Amino acid sequence: MLKKSNVTATDKASNVSTSLPITGCLLSAAFFGSLGSSFLYGYNLSVVNAPALYIKEFNNKTWIERYGEPIGAETATLLWSITVSIFAIGGVLGALSVSLIIKVLGRKGTLLVNNIFALIAALLLTLGERAKSFEMLIIGRLVIGVDSGIALSALPMYLGEISPKHIRGFIGQFNSILICLGVFTGQVLGLPELLGQESRWNYLFTFLALPAVLQMCVLPFLPESPRYLLMERRDEAGAERAFQRFLGKTDVSQELEEVHAEARAQENLHTVSVLQLLRNPAVRWQLITIIITMACYQLCGLNAIWYYTNGILREAGFPDNILPYITLSTGIIETLAAIVSGLVIERIGRRPLLIFGFSAMAVFFSLLTLCLNLQDRTTWMPYLSYVCILVVIASFCSGPGGIPFILTGELFEQSYRPAAFMIAGVVNWLSNFAVGLLFPFIQEALQSFAFLVFVVVCTLGAIYLYFVLPETKNKTFMDISQSFAKINKIPLPSPAQEMELVTVSQSTMAPMESSKRISSTIY
């Protein structure tokens, strides 16, 4: 009878939580947290495309002024490659440092301090032309890479910890939506009528300061992660106030007890190191899943799509002067697909969206390969190729584009989370760098068959997720960890152990309730 009443109480609590409205405080934290973080990452993915020719001309002109002769072809290519790819190196450095920064400053504090890197980068990239220094451009790209590396770890962690479990996926998708919006904004501002001109291209980088400043103006007035406050700072009063603001209700005892239960279930409440995480068999398959999912996120071929888009459009007969406007359609599709994914993720779930996304990408990469090889046969084939590109982009943003970051926060409990995000971030950025470095050689060797490499990656990723990944929708972090217990060969607690945990819970809650009554009497 006792077991039955506990289940009923849990079900009632779950039903109450799912009926709670989304508060303005929670939406503000999700939007402004993402605006100064993932938006800047997306913006920096696309912002260098429009001024590429002008930056190369600037490098050549600066070289002539310094050394009295034009820059060599190989040196020019090397200089441009470094300017573009060093963004990923900065990302690795940011991902490696995020665990330490978060431990000292917390989730919100890390996001706020990270804006300093964005402001420094904006200054270096804007003034590089005036100072006649291509070194400033390279250092600026490195610094904004550090900003993005920190942001893509700290932001998903913050969003996952402040969200109720019934909308954790929806709030987490703000990360993906703002990445896509950043890419699209970079495309729009890079149009010739706006900042994509020789006299204005440096102002494209000045824009980096605006989202950072907006985040610095709003985020200080929003709460820190209540899970961080309670489990790592031992600030129960602060955690209670944070939960109350994020959830929009006074009684948050249910949420506080959930965090206490997670704390009791962990052997070590202190933040574990990367080495300790790698050695722990209890989280082995969670870690393998995150590494594979994050690697597939970068190696699935979306970044390589941009190499072919303009060429396919030219083959279709579109003049060069209207290509930037047609390319905007990719940014629009990307943003819309991310928004739709955010709206349906709590109904469909993470697992189906991920598997569908990778599977659809494999299908349409195969179809794109076929179209590219038949492109000269008929006049309408290039148009079909372009449709395949749009569908590949939509498939990516429907799941693989944002859910890997959500999963990294969901598959690990509090003490493992910083180290897990550090590993996931390093895998993400190294994979990004590998695609940028290796794809030109793959393209040269395989020509139009290059996309078959990504068909293999997407197919293997979908198969792995189908057999290994459990659904995490509307589950607590403890429930998700227990989902991996069997595959990790970790025995689940016996009924006697569960009863002992309940007894401990009641004994620890009694002094807390007593202190609350004393506190309320005093004040």
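Quick notes on the rules
Residues numbered from 1 in each chain as written. Predicted model: local features only at pLDDT ≥ 70, side-chain atom pairs only at ≥ 80, totals over all residues. Heavy atoms only, no water. UniProt positions renumbered as here; feature names shortened; annotations may be inferred. Phe/Tyr/Trp six-rings, centres within 6.5 Å; stacked < 30°, edge-to-face > 60°. Helix = DSSP H or I, 4+ residues; strand = E, 2+ residues; numbered from the N terminus. Buried < 20%, exposed > 50% of the residue type's maximum accessible area, 1.4 Å probe, protein only. Salt bridge = Lys/Arg side-chain N within 4 Å of Asp/Glu carboxyl O. Patch = residues over 30% accessible without salt bridge, like charges linked within 9 Å, V, L, I, M, F, W, Y side chains within 5 Å. Areas by Shrake-Rupley, 256 points an atom, 1.4 Å probe, with all protein chains shown as cover. Axes fitted to C-alpha atoms, helices over the stretch in contact; angles between N-to-C directions. Parallel < 35°, antiparallel > 145°, perpendicular 65-115°, else oblique. Left-handed = near helix turned anticlockwise from the far one by under 90°. Contact = heavy atoms within 4.5 Å. Nonpolar A, V, L, I, M, F, W, Y, C, P; charged D, E, K, R; others polar. Expected span 1.5 Å × (residues − 1). Disulfide = S-S within 2.5 Å.

- Going by what an unreviewed UniProt entry lists, the protein chain is known as Major facilitator superfamily (MFS) profile domain-containing protein and is assigned to Anabas testudineus.
- What UniProt states about the protein chain under its Sequence similarities (unreviewed entry) heading is, verbatim, "Belongs to the major facilitator superfamily. Sugar transporter (TC 2.A.1.1) family."
- Regarding the protein chain, the UniProt comment filed under Subcellular location (unreviewed entry) reads as follows: "Membrane".

### Some remarks on the packing of aromatic side chains
- In total, this model carries 18 aromatic pairs according to the counting rule given.
- Considering the side-chain rings of phenylalanine 39 and tyrosine 43, the 6.4 Å spacing of their centres and the 15° angle between planes classify their relative orientation as stacked. Here phenylalanine 39 pairs with tyrosine 43, and both are found in helix α3 (residues 38-46), just four residues apart, close to one helical turn. Grouping residues by exposure puts phenylalanine 39 and tyrosine 43 together as buried.
- Aromatic pair phenylalanine 365 and phenylalanine 454: ring centres 5.9 Å apart, planes at 40°, arrangement tilted. You can see phenylalanine 365 sitting in helix α18 (residues 350-373) and its partner phenylalanine 454 sitting in helix α22 (residues 451-468), a full 89 residues away along the chain. For the pair formed by phenylalanine 365 and phenylalanine 454, the shared burial category is buried.

### Side note on the pattern of salt bridges
- Going through the model one piece at a time under the given rule, you end up with 10 salt bridges.
- The partner of arginine 417 in a salt bridge is glutamate 161, and the shortest N-O contact between them spans 2.8 Å. A residue pair is termed long-range when its members are at least 10 positions apart, and arginine 417 in helix α21 (residues 417-446) and glutamate 161 in helix α6 (residues 134-162) qualify at 256 residues. Glutamate 161 carries the same exposure label as arginine 417, and that label is buried.
- Ionic pairing is found between lysine 249 and glutamate 255, a salt bridge with its closest N-O pair at 3.0 Å.
- Taken together, the salt bridges that share partners define one network made up of Arg107, Glu161, Glu232 and Arg417.

### Let's talk about a nonpolar patch on the surface
- Residues Leu100, Val104, Leu105, Val113, Ile116 and Ile120 make up a contiguous nonpolar surface patch of roughly 510 Å² in combined accessible area.
- One can find valine 104 in helix α5 (residues 73-127).

### As for the packing of helix α15 (residues 284-299) against α21
- Look at α15 against α21: their axes get within 8 Å of each other, and the N-to-C directions meet at 30°. By the angle between their directions, the pair α15 and α21 is classed as roughly parallel. For the element pair α15 and α21, the recorded crossing hand is right-handed. Along the contact surface, α15 presents Leu287, Ile290, Ile291, Met294, Ala295, Tyr297, Gln298 and Leu299, while α21 presents Ile423, Ala424, Val427, Asn428, Ser431, Asn432 and Val435.
- For the contact of α15 with α21, a count of residues per class yields 11 nonpolar, four polar and no charged.

### Some points on the environment of phenylalanine 246
- Secondary-structure assignment places phenylalanine 246 in helix α12 (residues 236-247).
- Overall, the relative accessible area of 1% leaves phenylalanine 246 in the buried class.
- The sequence separation of phenylalanine 246 and serine 225 amounts to 21 residues, and the corresponding C-alpha distance is 9.5 Å.
- Discounting residues that sit within four places of it in the chain, phenylalanine 246 has contacts with Thr23, Cys25, Leu26, Ala29, Tyr158, Ile162, Pro223, Glu224 and Pro226.

### Here's the deal with helix α8 (residues 174-189)
- If you check α8, its first and last C-alpha atoms are 22 Å apart, about what 16 residues at 1.5 Å a residue would give, namely 22 Å.
- Buried residues dominate α8, accounting for 13 of its 16 residues.

### Concerning the environment of phenylalanine 117
- Checked against the element boundaries, phenylalanine 117 lands in helix α5.
- For the pair phenylalanine 117 and valine 146, spaced 29 residues apart in the sequence, the C-alpha separation amounts to 7.3 Å.
- Phenylalanine 117 has contacts with Val143, Val146, Asp147 and Ile150, leaving out every residue within four places of it along the chain.

### A look at the state of the cysteines
- Scanning all chains against the criterion turns up zero disulfides.
- Take cysteine 296: it sits in no disulfide, and the sulfur closest to it among the cysteines is that of cysteine 458, at 7.3 Å.
- Judged by relative accessible area, cysteine 296 falls into the buried class, the value being 8%.
- With no disulfide of its own, cysteine 388 lies 4.3 Å from the sulfur of cysteine 371, the closest cysteine sulfur.
- On the accessibility criterion, cysteine 388 (1% relative accessible area) is buried.

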